[in-house]
Amino acid sequence: MTKSEIIQTDAGEARITWHAAKKARLVLAVSHGAGGGIEARDLQGIAAALPAHGVTVALVEQPWRVAGKKVAPAPKTLDTGWRGIWPALEKKGLPVISGGRSAGARVACRTATELGAAAVLALSFPLHPPGRPEKSRAPELLGAGVPMLVVQGGNDPFGKPAEFPEGVYELVEIPSADHGFAVPKRADIGQDEAVKLITDAVTRWAGMLSG
């Protein structure tokens, strides 16, 4: 069962689309990146798979997307929007996993400790701008301060798995996948299989978290 609600934040109106588990033990809140919305294949796959495993999924649309804008605002404004939706996530009285893809993953990492997140799910974490490895965002990744799963495409121009620093987190590679987890036709795995690798990894990891 899904339902949507509008949340007032200091950055404008955000939208949460709930995918409820019958007997939830955790809430997983996941936001989109700077170039797309909650229709992303990985977010939709997670929302479809996790409720059957006791995890209610909240797909979060940041205020700039709800307002119909095409360009994401500054990181500080993204963080403000994420803080604003947090009370609605906590209303369930369950531990909340803070998650996101790309820019949304950065937001989750930056705010995890402050908001009291139980863990962080980082999908396609943009470790650096394409072709600019010297512009590393590793401090954000390593500063989350809570258990974390990173799911990264093997051919992500924003940071391939081998480029990631050592740290207290788990990293799962999706072979041949790009920043949007798309895989080329010549890849050893198909697109559906790539999405299943993502959902299986998140399901397994969430199952190990206390809730």
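Residues numbered from 1 in each chain as written. Predicted model: local features only at pLDDT ≥ 70, side-chain atom pairs only at ≥ 80, totals over all residues. Heavy atoms only, no water.

Undergrad: Hey, could you go over the packing of helix α3 (residues 75–90) against helix α4 (residues 103–115) for me, with residue numbers and the actual values?
TA: With their axes 10 Å apart at the nearest point, α3 and α4 run at an angle of 60 degrees to one another. Taken together, the axis directions place α3 and α4 in an arrangement best described as oblique. The two elements α3 and α4 meet at a crossing, and its hand is right-handed. Residues Pro75, Leu78, Asp79, Trp82, Arg83, Trp86 and Glu90 of α3 form the contact with α4, whose participating residues are Ala103, Val107, Ala108, Arg110, Thr111, Glu114 and Leu115. (Axes fitted to C-alpha atoms, helices over the stretch in contact; angles between N-to-C directions. Helix = DSSP H or I, 4+ residues; strand = E, 2+ residues; numbered from the N terminus. Parallel < 35°, antiparallel > 145°, perpendicular 65-115°, else oblique. Left-handed = near helix turned anticlockwise from the far one by under 90°. Contact = heavy atoms within 4.5 Å.)

Undergrad: Which residues make up the sheet that holds strand β4 (residues 55–61), and what values do they have?
TA: The strands making up a sheet associate through backbone hydrogen bonding, with each pair oriented either parallel or antiparallel. Strand order in this open sheet of eight strands is β1-β2-β4-β3-β5-β6-β7-β8, and the pairing throughout is mixed. Across the chains shown, the open sheet's two edge strands, defined by having one partner strand only, are β1 (2–9) and β8 (170–174). The sheet shows a mean angle of 20 degrees between the axes of neighbouring strands, direction not considered. Packed on one face of the sheet, helix α1 (residues 41–49) meets β2 (12–19), β3 (26–31), β4, β5 (96–101) and β6 (119–123) and runs near 150 degrees to β4. The strands touched by α3 within the sheet are β1, β2, β3, β4 and β5, with β1 carrying the most contacts at an inclination of about 130 degrees. (Pairing = 2+ DSSP bridges.)

Purely geometric stuff here, so don't read any function into it on its own.
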